[in-house]
Amino acid sequence: MYTQAMDTMGKDEAPKAIRSAEDARLQERFDARIDAGDFIEAKDWMPDHYRKTLVRQISQHAHSEIVGMLPEGNWISRAPTLKRKAILLAKVQDEGGHGLYLYAAAETLGTSRDQLFDALHTGKAKYSSIFNYPTLTWADMGTIGWLVDGAAIMNQVPICRCSYAPYARAMIRICREESFHQRQGFEALLTMMTHGTEAQKAMVQDAVNRWWWPSIMMFGPPDDESPNSAQSMRWGIKRVSNDELRQRFIDATVDQAKLLGVTLPDPDLKWNEARQSHDFGAIDWSEFKRVIAGDGPCNRERLAARVKAWDDGAWVREAATAHANKQTLKEAA
Amino acid sequence: MTTTTQNEWPLWEVFVRSKAGLDHKHCGSLHAADSKLAIQMARDVYTRRQEGVSIWVVRSDQIVASDPGDKAMYFDPAEDKVYRHPTFYELPKSLDHM
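Summarised in this report is the structure supplied together with it.

Quick notes on the rules
Residues numbered from 1 in each chain as written. Chains lettered and ligands numbered in written order. Predicted model: local features only at pLDDT ≥ 70, side-chain atom pairs only at ≥ 80, totals over all residues. Heavy atoms only, no water. Helix = DSSP H or I, 4+ residues; strand = E, 2+ residues; numbered from the N terminus. Rg over C-alpha atoms; globule rule 2.2 N^0.38 Å. Buried < 20%, exposed > 50% of the residue type's maximum accessible area, 1.4 Å probe, protein only. Contact = heavy atoms within 4.5 Å. Areas by Shrake-Rupley, 256 points an atom, 1.4 Å probe, with all protein chains shown as cover. Lys, Arg positive; Asp, Glu negative; His and termini not counted. Charge placed at Lys NZ, Arg CZ, Asp CG, Glu CD. Salt bridge = Lys/Arg side-chain N within 4 Å of Asp/Glu carboxyl O. Core = buried A, V, L, I, M, F, W, Y, C linked by side-chain atoms within 4.5 Å. Expected span 1.5 Å × (residues − 1). Bend = angle between axes of the 7 residues up to and from the residue. Buried area = accessible area lost by both parts, 1.4 Å probe. Polar contact = N/O pair within 3.5 Å; in protein donor to acceptor, adjacent residues only side chain to side chain. Nonpolar A, V, L, I, M, F, W, Y, C, P; charged D, E, K, R; others polar. Pairing = 2+ DSSP bridges. Axes fitted to C-alpha atoms, helices over the stretch in contact; angles between N-to-C directions. Parallel < 35°, antiparallel > 145°, perpendicular 65-115°, else oblique. Left-handed = near helix turned anticlockwise from the far one by under 90°.

### Things to note about the overall build of chain B
Helix and strand counts for chain B stand at two helices and three strands. Its helices and strands taken in sequence order, chain B reads β-β-α-β-α from the N to the C terminus. Taken against the 2.2 N^0.38 rule, which gives 13 Å for 98 residues, the C-alpha radius of gyration of chain B at 21 Å runs more than 25% over that of a compact globule. Principal axes of the C-alpha set define a box for chain B whose edges measure 65 × 35 × 20 Å. Sorting the 98 residues of chain B into buried and exposed places 26% on the buried side. Within chain B, contacts between residues at least 6 apart in sequence are counted, and of these 43% link residues at least 24 apart. With an accessible surface of roughly 7,600 Å², chain B has 55% of that area assigned to carbon and sulfur atoms. Here chain B contributes 12 positive and 14 negative side-chain charges, whose respective centroids are spaced 9 Å apart.

Structure representation (structure tokens):
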């Protein structure tokens with residue numbers, strides 16, 4: 001799963017004026033490497049602004065994976081069959097793993113895990129708005145896999161070519177694992193639509209109605225309202241624009257919805273022959289801004305659950321550290 | 001030997017042998033209190049889909065790396081030594097598999 005293009009949501013100060021001739025030379029070499037399509041590694045020189053942008057984007061992405069475990073974790077104990085329960089457990093475990101790959105990538109830029117967690121727990125850091133919506137029925141599990149993970153994959157594949165190599169490597173690993181997430185979701189819905197009762201089919205349609213708009217918001221604000229996008233594109237952190245990714249996702253999803261036998265809740269959604277793409281209705285960006293700012297249906301609940309998990313685990317972390325220190329002292333004696 | 005106590009678990013680099021006969025390859029890092037936990041967590045984080053048959057972990061602060069600033073000085077001089085590669089030598093067709 002993935003954070004939306006929230007890298008555009010930060011308040012960036014303008015890059016500072018270049019200070020010395022040495023800095024200018026380093027900056028020039030850095031720009032040349034970016035232009036040549038080179039990868040930047042952790043120990044390489046990079047502009048402060050590049051580093052800050054990456055720390056923010058990668059950590060938001062990591063937080064999204066971790067918070068993203070909550071809406072689905074909600075259904076593990078209520079999965080309808082043992083098979084679905086095992087699948088859901090594996091998927092939620094994957095999200096945890098993805099969070100860890102990404103935290104590790106962020107840490108290569110000189111931040112610490114404790115700082116990153118602290119930013120999440122104090123509400124300073126953002127995570128994807130999608131996880132602040134509730135998961136009301138079992139059909140939400142399939143729909144999250146199909147739409148939310150589908151949107152995530154669309155977003156994430158271009159980041160496998162991100163100029164910052166530790167991030168790109170984490171993304172390659174994540175993308176390899178992510179495809180199962182979308183397929184299991186679609187298959188779960190297809191099973192309900194093919195073999196389910198009328199009530200179960202209605203449940204699928206209801207879930208799709210609720211998740212469609214938040215899913216297409218995952219790609220972030222429109223291009224003309226993403227002031228930092230151009231810089232991220234220039235640096236090879238971002239490869240494809242928000243609107244372009246959103247269009248690709250919508251075009252891919254329309255046929256999948258037909259196959260499933262559900263409708264997408266947008267009366268303005270129709271094929272445009274001239275554009276060879278689907279037109280779609282206006283997105284309610286006020287809702288998006290509200291949810292990002294902390295006022296979505298589940299923001300408080302999600303954050304409280306993360307903080308509680310962290311606090312409840314404190315004694316385990318302390319005990320493991322105390323044991324390790326004791327062993328070290330014993331060896332030294 | 002100095003002993004330090006810390007709050008944040010130290011960082012470990014993880015190397016995984018994907019199957020018998022191949023070498024261990026670096027695949028990422030993680031935080032763990034000690035080596036035993038590091039191995040166990042590496043199993044959970046990096047080998048959920050049979051990606052490995054053996055794991056090495058090493059404390060990140062124990063790794064010594066070449067300086068990226070020395071890259072040109074260290075590695076570029078080999079570029080003009082093409083005679084170190086087999087393709088440098090032109091042999092008769094009948095011997096081309098040598």
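### Some remarks on the pattern of salt bridges
Residue and element names in this part refer to chain A. By the definition in use, this model includes 27 salt bridges over all chains. For the salt bridge of Lys-91 with Glu-72, the shortest nitrogen-to-oxygen distance reads 2.7 Å. Here the residue Lys-91 occupies a position in helix α4 (residues 82-107), and Glu-72 occupies one in helix α3 (residues 69-73), the gap between them amounting to 19 residues. Here the two residues Lys-91 and Glu-72 agree in accessibility, since each one is buried. Ionic pairing is found between Asp-140 and Arg-210, a salt bridge with its closest N-O pair at 2.7 Å. Here Asp-140 is found in helix α6 (residues 139-156), whereas its partner Arg-210 is found in helix α8 (residues 198-217), with 70 residues between them in sequence. Look at Asp-140 and you get buried, because its relative accessible area is 0%. Bridged by salt links that share partners, the residues Glu-72, Lys-91, Glu-95 and Asp-149 form one connected network.

### Details of the nonpolar core
Grouped together as the largest cluster of nonpolar side chains are 90 residues, with contacts concentrated most on Tyr-50, Leu-54, Ile-58, Trp-146, Tyr-164 and Tyr-167 of chain A together with Val-14 of chain B. If one sorts the elements of this core by residue count, helix α7 (residues 165-195) of chain A sits on top with ten residues. The residues touching Trp-146 of chain A, leaving out its near neighbours within four places in the chain, are Gln-182, Gly-185, Phe-186, Leu-189, Val-208, Thr-253, Gln-256, Ala-257, Leu-260, Val-262 and Leu-264 of chain A.

### Some points on α7 of chain A
In an α-helix there are 3.6 residues to a turn, and that puts residues three or four apart on one side. Spanning 31 residues, α7 of chain A covers 46 Å between terminal C-alpha atoms, matching the ideal 45 Å at 1.5 Å per step. Largest kink in α7 of chain A: about 30 degrees, centred on Glu-177 of chain A.

### Section: the side chain of Asn-299 of chain A
Mapped onto the elements, Asn-299 of chain A comes out in helix α12 (residues 299-312). Ignoring anything within four residues of it in the chain, the contact list for Asn-299 of chain A reads Tyr-127, Asn-132, Val-291 and Gly-294 of chain A.

### Here we look at the interface of chain B and chain A
Counting from both sides, the interface comprises 22 residues of chain B and, opposite them, 26 residues of chain A. Roughly 1,900 Å² of surface becomes buried between chain B and chain A when both sides are summed, with 53% attributable to carbon and sulfur atoms. Connecting chain B to chain A are four salt bridges. Across the pair Glu-177 of chain A and Arg-49 of chain B runs a salt bridge, and its minimum N-O distance is 3.6 Å. Viewed at the interface, chain A and chain B are joined by eleven residue pairs in polar contact (both at pLDDT 80 or more). For the side of chain B that touches chain A, the elements supplying multiple residues, two or more each, are β2 (24-31) and α1 (35-46) of chain B. Considering every element that reaches the side of chain B that touches chain A, the biggest residue donor is α1 of chain B, with four residues. Counted by class, the side of chain B that touches chain A contains nine nonpolar, seven polar and six charged residues.

### Examining the sheet that holds β2 of chain B
Backbone hydrogen bonds hold the strands of a sheet together, and the pairing may be parallel or antiparallel. All names here are of chain B. Overall, antiparallel pairing links the three strands, which are arranged β2-β1-β3 in an open sheet. The sheet is open, and its two edges are formed by β2 and β3 (54-59), each paired on a single side. Between one strand axis and the next, the sheet turns through 25 degrees on average, direction left out of account. Along the sheet, α1 makes contact with β1 (11-17), β2 and β3, crossing β2 at roughly 110 degrees.

### Examining the packing of helix α2 (residues 48-67) of chain A against α4 of chain A
All names here are of chain A. Between α2 and α4, whose axes approach to 8 Å, the crossing angle comes to 160 degrees. On the basis of their axis angle, the class for α2 and α4 is roughly antiparallel. Considering how the two elements wind past one another, α2 and α4 form a crossing that is left-handed. Taking contact as the criterion, the partners of Ile-58, His-61, Ala-62, His-63, Glu-65 and Ile-66 in α2 are, on α4, Glu-95, Gly-96, His-98, Gly-99, Leu-102, Tyr-103, Ala-105 and Ala-106. The residue inventory of the contact of α2 with α4, partitioned by class, reads seven nonpolar, five polar and two charged.

### Some remarks on the side chain of Asp-149 of chain A
With respect to the secondary-structure elements, Asp-149 of chain A resides in helix α6. At a separation of 3.0 Å, a polar atom in the side chain of Asp-149 of chain A contacts the side chain of Lys-91 of chain A.

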